[in-house]
There are 2 protein chains.
Amino acid sequence: MLDTNAQTYTRADEAFDCLQTAIVKGELAPGDKIGELDLCSRFELTRGPLREALGRLESRGLLVRRPHAGVKVVSLSAAELVELYRIREVMEGLAARQAAERMTDQEIADLQATLDGHETMIEEAHGQAYYQAEGDYDFHHRITTGSRNTKLAQMLLGDLYYMVRMYRYRLSTSAGRPHRALGEHRRIVEAIAQRDGELAEFLMKRHINAARENIEKKIKEGVLTI
Amino acid sequence: MLDTNAQTYTRADEAFDCLQTAIVKGELAPGDKIGELDLCSRFELTRGPLREALGRLESRGLLVRRPHAGVKVVSLSAAELVELYRIREVMEGLAARQAAERMTDQEIADLQATLDGHETMIEEAHGQAYYQAEGDYDFHHRITTGSRNTKLAQMLLGDLYYMVRMYRYRLSTSAGRPHRALGEHRRIVEAIAQRDGELAEFLMKRHINAARENIEKKIKEGVLTI
DNA sequence: AAATCAGTAATTGTTGACAATATTGGGTTG
DNA sequence: CAACCCAATATTGTCAACAATTACTGATTT
């Protein structure tokens, strides 16, 4: 019997998801030392599956492990956080270019509708950085998926975005520039709709560059300490 | 006592290394179904650490797991392999740019010496694709490290390169163009030595593009079946 | 004869106990 | 008084037995 995708959730998968969301949501803050049996009692599971999940998370760079010494949530320096945006710049630029070549008309229409939703969201949620950040994430997520580049999506969605989101709660990336960010999003989608991959790539790179400069400015001003 | 880095190798680390090299060297070929206790007896370890290693490798995309059904080595389609090179293009372009900004003079001198070594290696190893591929790997490895971008190095060295090397044994990437590749390498290093990041990025992107086109041509000719 | 269903066997997932190691606290010494 | 060394403790790493699920084999039915 060919079981297409049974989706039998194993305890290790469960542990992995729990830990990942806990880290992203900030329940486990960067630098926290976490004991294995603490986690076991917290998530109601045993050490076997937990350790497997820890291995996965370590491999993805969300955790740091030292043998016999324990596990702690990774803690990025300001410089490393900035480097993350340099990587995003080139990778998401590629994603935008390939999305322009490969997204279906339907997907593009949906994306435009999403941006309308974000507009009202920004109006209503004055200064509530959380919702703005989630909208931003939604936008980038769709384009990455639209690139139809499996490995690229895996690296962005499975690695980089989690790290970025982990710090987004503290920095509120696009705070102070939500309208500007939305405008940039619209122009990127326009380029994609016109199937202009080169332009989409250029605009996406500039968009992420702006976010990076915004962060660097705040770091310099001492507004956010990492 | 501050134990800088005790480097205590755990069995799981051992299992991870063994499996990774086995996959890269082709001892475990793409698509192979591998049983857990087969691996245990093969590498002289028990299932606990093995499963942790399997988790890590799955997370890095070298293995595919289906609950209760077993583990198999990931098998890329021709299209996916090409996509890998599109990712390498932008990421290694960034690496080259940052390397031009950050490598020490000593590192650059070493890199140039390495290329001299590759030249004689190519002369001596007529058509022995293996050594050419290793030389190529060495070059890219040094530049990636020279970028001083931790996460970038982690993603390239820890993920992409292993996948590329896994297929390199079959395709011998630069076969038929070793001298041309070496010339491209030299020009990239020149740009780095002149601290011209923009040029280094451009040349690196073009270099990887050439490798991609070479592969696409071979695939079209049916020379290599994936 | 082909396809479906059930039962068996083998493999994976999970658990709890055991062994090894790093950290922490106290005591001692310079 | 500070620094260092040593031992106790708690945590991590490892192991082997148990449970659950899937895949396979063979028989039965249409």
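The structure presented is a predicted model; accordingly, all values stated were derived computationally and were not measured.

Visitor: Would you explain the UniProt feature "domain: HTH gntR-type" (unreviewed entry) in chain A in this entry?
Guide: Summarizing the sequence annotation, UniProt attributes the feature "domain: HTH gntR-type" (unreviewed entry) to residues 9-76 of chain A in the numbering used throughout. A distance of 31 Å separates the end C-alpha atoms of residues 9-76 of chain A, which is 51% helix and 15% strand.

Visitor: What's the story with the interface of chain B and chain A in this structure? I'm lost.
Guide: Between chain B and chain A, the residue contacts involve 33 residues of the former and 34 residues of the latter. Among the residues of chain B in contact with chain A, Glu52, Ser59 and Lys151 of chain B are the three that bury the most area, contributing 18% of the side total. For the pair chain B and chain A, the interface holds six salt bridges. Note that Arg102 of chain B and Glu83 of chain A form a salt bridge whose closest N and O atoms lie 2.7 Å from each other. Put simply, chain B and chain A have 15 residue pairs in polar contact (both at pLDDT 80 or more) between them. The greatest single-element share of the side of chain B that touches chain A, amounting to eleven residues, is contributed by helix α4 (residues 78-102) of chain B. For the side of chain B that touches chain A, a count of residues per class yields ten nonpolar, eight polar and 15 charged.

Visitor: Sorry, what's going on with the sheet that holds strand β1 (residues 33-34) of chain A here?
Guide: The strands that make up a sheet pair up through hydrogen bonds in the backbone, lying either parallel or antiparallel. All names here are of chain A. Spatially, three strands are ordered β1-β3-β2 in an open sheet, and the strand pairing comes out antiparallel. One side of each edge strand has no neighbouring strand; the edge strands of this open sheet are β1 and β2 (63-66). Pairing analysis gives four bridges linking β2 to strand β3 (residues 70-73), with the strands arranged antiparallel. If you follow Leu63 over to β3, its bridge partner there is Val73. Across the face of the sheet, helix α3 (residues 47-59) comes into contact with β2 and β3 while running at roughly 115 degrees to β2.

Visitor: Got a minute to help me understand the relation of the copies chain B and chain A in this structure?
Guide: Mapping between the two copies of the chain is achieved by a rotation about an axis and a shift along the axis. The transform that puts chain B on chain A rotates by 180 degrees and translates by 0.0 Å along the axis, for an RMSD of 0.1 Å. In symmetry terms, the pair is related by a two-fold rotation axis. When the interface residues of chain B are mapped onto chain A, 100% of them again fall at the interface, so both copies present the same face.

Visitor: Teacher, can you tell me more about the packing of aromatic side chains here?
Guide: The geometry of an aromatic ring pair is captured by the separation of the ring centres together with the interplanar angle, meaning the angle of the planes. Residue and element names in this part refer to chain A. Applying the stated criterion across every chain yields a total of two aromatic pairs over all chains. Taking the centre distance of 5.8 Å and the plane angle of 75 degrees together, the rings of Tyr137 and Tyr161 count as edge-to-face. Taken together, the residues Tyr137 in helix α6 (residues 129-146) and Tyr161 in helix α7 (residues 150-171) connect sequence positions 24 residues apart. Judged by its relative accessible area of 16%, Tyr137 falls in the buried class. We classify Tyr161 as buried; its relative accessible area is 3%. Directly above the ring of Phe16 sits Arg56, whose terminal nitrogen or CZ lies 5.2 Å from the centroid.

Visitor: Which parts of the structure should I look at to understand the protein's contact with DNA strand C?
Guide: In the neighbourhood of DNA strand C, 21 residues make up the surrounding shell, with Arg11, Thr46 and Arg66 of chain A together with Arg47 and Arg51 of chain B lying closest. The share of sugar and phosphate among atoms of DNA strand C within 4 Å of the protein is 81%. Contact distances for DNA strand C include 2.3 Å between a phosphate oxygen and a side-chain N or O atom of Arg51 of chain B. For the surface near DNA strand C, the secondary-structure elements that each account for two or more residues are α1 (11-24) and α3 of chain A together with α3 (47-59) of chain B. For the surface near DNA strand C, the per-class residue count stands at seven nonpolar, eight polar and six charged.

Visitor: Looking at this structure, I do not really get α3 of chain A. What am I missing?
Guide: Side chains that are three or four residues apart share a direction in an α-helix, a result of its 3.6 residues per turn. If you check α3 of chain A, its first and last C-alpha atoms are 18 Å apart, about what 13 residues at 1.5 Å a residue would give, namely 18 Å. Note on α3 of chain A: the residue one or two positions beyond its end, Gly61 of chain A, has a positive phi of about 85 degrees.

Visitor: Explain the protein's contact with DNA strand D here, please?
Guide: In the neighbourhood of DNA strand D, 18 residues make up the surrounding shell, with Arg47 and Arg51 of chain A together with Thr10, Arg11 and Thr46 of chain B lying closest. The share of sugar and phosphate among atoms of DNA strand D within 4 Å of the protein is 78%. Arg51 of chain A places a polar side-chain atom, nitrogen or oxygen, 2.3 Å from a phosphate oxygen of DNA strand D. Here the surface near DNA strand D is built from residues that sort into five nonpolar, seven polar and six charged.

Visitor: Looking at this model, I keep getting lost on the environment of Gly70 of chain B. Mind explaining?
Guide: Checked against the element boundaries, Gly70 of chain B lands in strand β3 (residues 70-73). Along the chain, Gly70 of chain B and Lys33 of chain B lie 37 residues apart, while their C-alpha atoms are 7.1 Å from each other.

Visitor: Would you take a moment to explain the confidence of the model for chain A for this structure?
Guide: The predicted coordinates ought not to be read in detail in places where the model reports low pLDDT. Residue and element names in this part refer to chain A. On average, residues of chain A carry a pLDDT of 88, and 88% of them reach 70 or more. Averaged pLDDT values over the elements of chain A bottom out at 86 in α6 and peak at 97 in helix α4 (residues 78-102). pLDDT under 50 marks residues 1-6. Its contacts with residues more than four places away, or in other chains, come to two contacts.

Visitor: What's the story with unusual backbone geometry in this structure? I'm lost.
Guide: Trans is the common state for peptide bonds, and a negative phi is the common state for residues other than glycine. The phi torsion at Arg195 of chain A lies on the positive side, around 60 degrees, for a residue other than glycine. Relative to the helices and strands, Arg195 of chain A resides in the loop between α8 (178-193) and α9 (197-221). Exposure remark for Arg195 of chain A: the relative accessible area of 36% places this residue in the partly exposed category. Positive phi values are uncommon outside glycine, yet His68 of chain B reaches one of about 65 degrees.

Visitor: Mind showing me how you'd approach the pairing of β2 of chain A here?
Guide: One face of the sheet, then the other: side chains in a regular strand alternate in exactly this way. Every second residue of β2 of chain A is oriented toward a common face, the buried set being Leu63 and Arg65 of chain A and the non-buried set Val64 and Arg66 of chain A. What sits between the antiparallel neighbours β2 of chain A and β3 of chain A is a turn of three residues, in which His68 of chain A has the positive phi angle 65 degrees.

Visitor: Which parts of the structure should I look at to understand the pattern of salt bridges?
Guide: When charged atoms on two side chains of opposite charge get close, those side chains can pair. Residue and element names in this part refer to chain A. In total, this model carries 33 salt bridges over all chains according to the counting rule given. Between Arg97 and Glu201 there is a salt bridge whose closest N-O contact spans 2.7 Å. In this pair, Arg97 is assigned in helix α4 and Glu201 in helix α9, connecting sequence segments 104 residues apart. Given the relative accessible area of 16%, Arg97 is considered buried. A residue is classified by how much of its surface remains accessible, and Glu201, at 10% relative accessible area, is buried. Note that Glu119 and Arg186 form a salt bridge whose closest N and O atoms lie 2.9 Å from each other. Remark: Arg186 occurs in helix α8 and Glu119 occurs in helix α5 (residues 105-124); sequence separation between them is 67 residues.

Rules behind the numbers
Residues numbered from 1 in each chain as written. Chains lettered and ligands numbered in written order. Predicted model: local features only at pLDDT ≥ 70, side-chain atom pairs only at ≥ 80, totals over all residues. Heavy atoms only, no water. UniProt positions renumbered as here; feature names shortened; annotations may be inferred. Helix = DSSP H or I, 4+ residues; strand = E, 2+ residues; numbered from the N terminus. Contact = heavy atoms within 4.5 Å. Buried area = accessible area lost by both parts, 1.4 Å probe. Salt bridge = Lys/Arg side-chain N within 4 Å of Asp/Glu carboxyl O. Polar contact = N/O pair within 3.5 Å; in protein donor to acceptor, adjacent residues only side chain to side chain. Nonpolar A, V, L, I, M, F, W, Y, C, P; charged D, E, K, R; others polar. Pairing = 2+ DSSP bridges. Axes fitted to C-alpha atoms, helices over the stretch in contact; angles between N-to-C directions. Least-squares fit on C-alpha atoms with pLDDT ≥ 70 in both. Phe/Tyr/Trp six-rings, centres within 6.5 Å; stacked < 30°, edge-to-face > 60°. Buried < 20%, exposed > 50% of the residue type's maximum accessible area, 1.4 Å probe, protein only. Lys NZ or Arg CZ within 6 Å of the ring centre and 35° of its normal. Near = heavy atom within 4 Å. Expected span 1.5 Å × (residues − 1). pLDDT = per-residue confidence, 0-100.

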